[in-house]
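Overview (structure and organization)
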Amino acid sequence: MTITITDFLVAFGVAFCGWALQTSVSGITRKTVARMQKRYGPKWYQNFRDIFKLLNKRAITHGWVYDFGVIMALAGIIGTAMFTPVANIVVFKGYDNFFVFVYLFAVGMLGMAMSASGSGNPLASIGVMRALTQMVGYEVPFMVIVLALIHVRDTSSISALVDIQQASGWNLVVMPIGTIVGFICLMGMLGKKPFDTYIAPAELASGPMVEYGGKQLGMLMIMHEIATFVEISLFVNLFLGGGSNILEFLVKYFIVYTLASYVSNVLGRFKIDQVVTFYYKIPILLALIQAGMLVIFGWGV
Amino acid sequence: MTILTIIIALIVLSFATYYITKINNQVGAYTTVVVTLAALVIFLLEGDKLSGASSIGILRFSVTPLAWFFSIIMLIVYSMVAFFNPYWMKKILHPGAYNMLFLLSLAGTIGVFFAENFIVMFIFWEIVVWASMFIIPFGKSRTASVVYYAMSTFGSFTFLYAIFMLYANYGTFVIKDSLEAAKGDANIAIAAFILMLLAGFIKLGIFPFHIWLPMAHGNAPDTFSPILSGGLVKLGAFLTILITTLLPIHEVTKDQAYIFGVPILIYVLMIFGAISIVVGTLMAIKQDDAKKLLAYSSVANGGYILIGILLYDEMALSGALIHIFGHAIASATAFLTIAAVSYRTGTTKMSELGGMIHKMPITYVVYLMAIISMAGIPPMTGFISKWLLFQALADQGMFFIATTMFFGSIGSFLYVFRPLSVLFLGQLKPEHKTVKEAPIGMLIPMVILSGITLFYGVLPNSLVEYTAKIESALGFDKVIETSALVIQGNNGDLHAPLITGIFAFGFIIALIIFLIAPKSRKVGLMDTYTAGEFLYTPSLYHAGYAYYAPFERLYQKHPNIVALFAALVQKVKDFGKFIRFVFFSRWPGRGVMFIILTMILLMWGEKL
């Protein structure tokens, strides 16, 4: 397969639409959550307003790595989003490898962590430390589940996994325990309560984000929205069968994100050591059981 | 040029360097640079067409792609590290001996790689051990050297025992022939394999023999730690690959019970690799000394390499070989950046440093690229090898081993980020206000090494093709396949240039957004959000001490393997005391009695 500049542009279109989609969806969720809490809530397009306002403000910088880290963060996340298969729009078919997702995503995270630490504020460093510690928690069970999936399906390409699910049923049915683990890990990835320890506004003054303002904050907000888009899409593609058309995908996407947000709104916050102990008690055990069921016994395949 | 000539030249030059350094230590140090670079150029120009024909008696050599691959890694690391030697001449106690042993250990490694028979390999193996053993105490600690030597000697004895065992049974020292012959008898083959593997385990720093790595790497002179981590540790990997594939161990053990598609012995050995990954990662996370941290990371990476080799399929071996290459380069680079910081500030303790990026930006960028590779993030070489290893693991469905590997992989984000955040970023300490960027002679090798890491991360195919060549030379039926740009895995393809291209595309977009938006105003590092407090002391406003405290607290009561070794040492001492009590007491009659008894036994002879 030859790759042309058109592919790049289409892929960028996916990333851009993903950003627009997630920013709107999170706006809608903000509204519905507010209504549940008997508040009026912001307009659904409030996040767009925030981003454009921030991009137009003059802000401060703490040196070149503070700026460079932000650019690298956004670059890594845009790159990951460009690989994301959405329903039948699969630009780089065959190359949308699961491990590429995990590690290309890490480029963005590394950039953000670097920039935050570079601000010289210890609260930011503590926030980054917590974010990395949390990552050790949620990534391992998630990757074990997906490894078992790759083993039984003989492919690590996300779009191929989607095709298999379209033909023979969702992985939600094939591996129900795995899907639950996947959802718990997704909550950790999204940084939703009870796993929002690293932003914890009241303790850490927003952790890594403490120093940001203006265009840097705006870019990190864009990055956050695209990252959320990538994570939710990954979950939908891996466990819920992706989508045969855009509408189906969007419905699944909306349900997953809304569910995660609502769950998050009724829970308290873990301490960081509790996060790690939690992930290394229940989810990893369930993940290993599910992997054993798939790999050794072949149940559900 | 033949291998023999090169090795003899290196040995002669190493002794010559000693006298040159005696006359002028700067000239002596530059001799090491010239000699190592010359050797690298010869190896690169001649390729693996080098001749192993000439020989003196038993000193025979054979040229294989595997040996050439390892020598290139070794020569790159040695020649780049040699650039640092001139700056350390004043700090090292015996510069002449240092330069001599530096070159001698290089000659030893090349001898090990190209040896045709086990005896030659063993001799050169010992040269490496002895040379490095004398270099380590030039740094901070003598104990480190003792522990290193004690461990290595244990390995050497088992290695030698295996060599003689094979000779006693099959009457040949030639590596290929004796391993070929051993195939017939599974018991001898397995015994020899395990005995030799112990030597490999010790060099590679596999649990429970990993304790020498942090001691030796952490205390060796700053210029020798990169050689230890990037070079000498990989000798263990070489030996492991050689005996695993030439035997091949999977055929010998095929009558055993199978777990996850591999014989039970292989799986047990893999578990040691997995333990190394977990132990190395957890210990690296809690280190405050940057060099010890990187040493423990070498332990973890040794685990990856071991698992990759033992998986014994074309993807895994290719992954292991690329991991050896990638980790050698990246780890050497990281050690060199720490050495550069230590050269300017005199410490490697992270909590005593901070904000070095404002004084040493190029060193920072080099360190950043090295850790991106060590953490296995694209677009660096480390990602390619991790991808291949994960593919092989997914293919076999070994999810327990994979769990530890994922843990090590994500855990590596934690420990490689600690020096980045604590040492390079954050608040600059007032006492480091006058520190300058590392001198140009140090920057050149660091930048070259980063370039290599980046190049083979973006265009890994030539590297992958060479591993395919190694595999076919080692007798694999199936070798790893690559087309011009794509690596074909068992369950998915990897298009490394595409990933880099997409990242670059994203970078341009992000840069455009950044440039369009209004320009920011630069403020000082102390001009930050402090919740309304007034702070004046930068060193107190820096999250540097016990960086991962909440995570470390979770395993602070871990059992310590050092205690086990200490108990072992105590037992040996007690036994020695007992022997002394029995045989060497102050009462002479007892000694005479034992001498007479021994003589009676000797005269009795074989009839007993």
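Some points on the overall build of chain A
The number of helices and strands found in chain A is 13 helices and one strand. Across chain A, helices and strands are ordered from the amino to the carboxyl terminus as α-α-β-α-α-α-α-α-α-α-α-α-α-α. Rg of the C-alpha trace for chain A: 19 Å, near the compact-globule value of 19 Å for 301 residues, within the 12% margin. Seen along its three principal axes, the alpha-carbon backbone of chain A occupies a region of about 55 × 45 × 40 Å. Across the 301 residues in chain A, those meeting the buried criterion constitute 60%. The long-range share in chain A, meaning contacts at least 24 apart out of those at least 6 apart in sequence, stands at 80%.

Things to note about the environment of valine 41 of chain B
Relative to the assigned elements, valine 41 of chain B resides in helix H2 (residues 25-46). For the pair valine 41 of chain B and leucine 75 of chain B, spaced 34 residues apart in sequence, the C-alpha to C-alpha distance is 9.2 Å.

Section: the pairing of strand E5 (residues 492-495) of chain B
Residues and elements named next belong to chain B. Across the two faces of E5 the burial is the same, with Gly492 and Leu494 and Asp493 and His495 all buried. By the bridge criterion, four bridges tie strand E4 (residues 486-489) to E5 in an arrangement that is antiparallel. Across the sheet, residue isoleucine 487 finds its bridge partner in E5, namely leucine 494. Between the end of E4 and the start of E5, which pair antiparallel, lie two residues.

Focus on the domain arrangement of chain B
Under the domain assignment, chain B is made up of domain 1 (1-138), domain 2 (140-483 + 522-558) and domain 3 (563-607). On a C-alpha basis, the centres of domain 1 of chain B and domain 3 of chain B stand 43 Å from each other.

Description of the sheet that holds E5 of chain B
Residue and element names in this part refer to chain B. Read from one edge to the other, the open sheet built from three strands follows the order E3-E4-E5, with strand pairing classed as antiparallel. Of all strands in the sheet, those bounded by a partner on one side alone are strand E3 (481-482) and E5. Strand direction decides the pairing type here: E3 and E4, joined by two bridges, are antiparallel. Paired with threonine 482 across the two strands is isoleucine 487, which belongs to E4.

Cut-offs and rules
- Residues numbered from 1 in each chain as written.
- Chains lettered and ligands numbered in written order.
- Predicted model: local features only at pLDDT ≥ 70, side-chain atom pairs only at ≥ 80, totals over all residues.
- Helix = DSSP H or I, 4+ residues; strand = E, 2+ residues; numbered from the N terminus.
- Rg over C-alpha atoms; globule rule 2.2 N^0.38 Å.
- Buried ≥ 20, exposed ≤ 12 C-beta atoms within 10 Å, placed from the backbone.
- Contact = placed C-beta atoms within 7 Å.
- Pairing = 2+ DSSP bridges.
- Domains from an automatic or database assignment.

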